Amino acid sequence: MDYMERALSLAKLALGISSPNPAVGAVIAKDGVIIGEGYTQPPGSAHAEVVALRKAGDKARGATMYVTLEPCCHFGRTPPCTQAIIESDIAEVYIATLDPNPLVSGRGREKLEAAGIKTRLGEHEEEARELNEAYIKFITTGLPFVTAKFAMSLDGKIATRMGDSRWISGEESREYLHTLRQTVDAVMVGVNTVLLDDPQLTARGKDGRPLARQPLRVIVDSEARTPPKARAFAEPGKTIIATTPAAPSSRTRKLEKAGAELLELPSKDGLVDLGELLRELGRREITSVLVEGGGTLLGSLFERGLVDKVIAFIAPLIIGGREAKVAVGGEGASKIAQALRLSQVKVERLGDDVMITGYLSFQKGR
């Protein structure tokens, strides 16, 4: 058995519940048998290593631990995992990748080595870093990791000239979207998307019911045009409306009464300053944001270099029409050489749709 692969599969279970901590999985094996395993619990609860050690008990003595991220060596909401590992008499620790947190950053491994515990680094490192890409950006910059998601037809349209967009993508793609929403801290849309589609912006199970844990909903709305009766306000979870000083107080009061938190931010060219919005979300320990449209919001984010990752669903449809809506607005590139290019591209099939994921080229080697 590949114990690190098992640890990575466990770490995925922590996505969406461990933030702002990293999603980590740990496996303890001895004589070819797993004697303990676990993944990071919600903030303030046990980390993956401690969960695994508790399950292993006294059997951990002389065993080997496989962990997807370097064990922490500092006091935070919980005591350092390195101390728990040392006290358990673990003989060897395989670490997929080092923790870029300045409070750790190799020190966890050093503490284990100083205590006589052998460490091995780098097994499945690429997968481990991708799994915690949001945490890595947040812990090193204080900013959330931004993923731009959109579904479009073969000719690049996200809605007809009349604004109809249900449904461009197929059922499998929509199910995958709900999986994505389960793993991020926040979902963001522009006000035009709310006015046209009135989305719920919730993570739902296959039965269509909202899940217990919901991402923060962020509506970018410079003039507070969001209807107080928007469906997002009737859903479980919290909604923030990012506005500017141009938003009339008569509208903002109604939105607050509907249950939204109004976040007034500086304006940039008459719109919400998206850089300041992301900085504020970072201050609130939001580590990941899934932006679902519309074209104006996505265009602004791309033009300002604020997008880290793209997930595009392409459906086998031809919509046509000069006035049909496109996925990314804004001024756009004047030359192909100026176009933003994705790297580390992956292509998958979801029913009849094709899903393309990739990273902005200026993020390569992040």
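Here the structure is shown first, and the text comes after it.
No experiment lies behind these values; they were computed from the predicted model shown.

**Observations regarding the sheet that holds strand β2 (residues 33–39)**
Sheet strands pair via backbone hydrogen bonds, and the direction of the pair is either parallel or antiparallel.
Right, so step 1: One open sheet holds the five strands; their spatial order is β2-β1-β3-β4-β5, and the pairing between them is mixed. Looking at the sheet topology across the chains shown, the edges are occupied by β2 and β5 (118–121). For this sheet, the mean angle separating the axes of adjacent strands, direction not counted, is 15°.
Right, so step 2: Relative to strand β3 (residues 64–67), strand β1 (residues 25–30) is paired through four bridges, and the arrangement is antiparallel. Residue pairing in the sheet places A26 in a bridge with V67 of β3.
Right, so step 3: Of the strands in this sheet, β1, β2, β3 and β4 (92–95) are in contact with helix α1 (residues 3–12), which crosses β1 at around 145°.
Right, so step 4: Helix-sheet contacts for helix α4 (residues 107–114) involve β4 and β5, and the interaxial angle to β5 is about 150°.

**Quick look at the sheet that holds strand β11 (residues 261–264)**
Right, so step 1: One open sheet accounts for nine strands, arranged β11-β10-β9-β8-β14-β6-β15-β18-β17; its pairing is mixed. With one partner strand each, in any of the chains shown, β11 and β17 (342–350) form the two edges of the open sheet. Strand-to-strand, the axes of this sheet are offset by a mean angle of 20°, without reference to chain direction.
Right, so step 2: Here β17 runs beside strand β18 (residues 353–360); their pairing, made up of seven bridges, is antiparallel. Following the sheet pairing, S343 is matched in β18 by Y359.
Right, so step 3: In this fold helix α7 (residues 171–183) packs onto β6 (145–153), β8 (186–190), β14 (288–291), β15 (309–315), β17 and β18, with an angle of close to 155° to the strand it touches most, β14.
Right, so step 4: Sitting on the sheet, helix α10 (residues 274–283) is in contact with β6, β8, β9 (216–220), β10 (239–243), β11 and β14, with an inclination near 165° to β9.

**A look at the state of the cysteines**
Right, so step 1: Scanning the entire structure with this criterion turns up zero disulfides.
Right, so step 2: Unpaired in terms of disulfides, C81 finds its nearest cysteine sulfur in C72, a separation of 3.7 Å.

**As for the layout of surface pockets**
Right, so step 1: When its volume is computed, the second largest pocket comes out at roughly 910 Å³.
Right, so step 2: Residue lining of the second largest pocket: 36 residues in total, with L15, E130, L131, E133 and K309 positioned closest to the centre.
Right, so step 3: Mapped onto the lining of the second largest pocket, the elements with two or more residues apiece are α1, α5 (125–131), α6 (133–141), β6, α7, β14, β15 and β17.
Right, so step 4: If one sorts the elements of the lining of the second largest pocket by residue count, α7 sits on top with four residues.
Right, so step 5: Residue classes in the lining of the second largest pocket are distributed as 15 nonpolar, 12 polar and nine charged.

**What about α1?**
Right, so step 1: Y3, M4, A7, L8, L10 and A11 are the residues of α1 that are buried. Projection of α1 onto a plane perpendicular to its axis shows the buried side chains occupying an angular sector of 160°, all on one side.
Right, so step 2: Contacts made by the buried residues of α1 are with β1, β2, β3, β4 and α5.

Conventions used here
Residues numbered from 1 in each chain as written. Predicted model: local features only at pLDDT ≥ 70, side-chain atom pairs only at ≥ 80, totals over all residues. Heavy atoms only, no water. Pairing = 2+ DSSP bridges. Helix = DSSP H or I, 4+ residues; strand = E, 2+ residues; numbered from the N terminus. Axes fitted to C-alpha atoms, helices over the stretch in contact; angles between N-to-C directions. Contact = heavy atoms within 4.5 Å. Disulfide = S-S within 2.5 Å. 1 Å grid on protein atoms, 1.4 Å probe; cavity = no way out; pocket = protein on both sides within 12 Å on 5 of 7 lines; lining within 4 Å. Points joined across faces, edges and corners; volume = space filled by probe spheres on them. Nonpolar A, V, L, I, M, F, W, Y, C, P; charged D, E, K, R; others polar. Buried < 20%, exposed > 50% of the residue type's maximum accessible area, 1.4 Å probe, protein only. Arc of directions from axis to C-beta.

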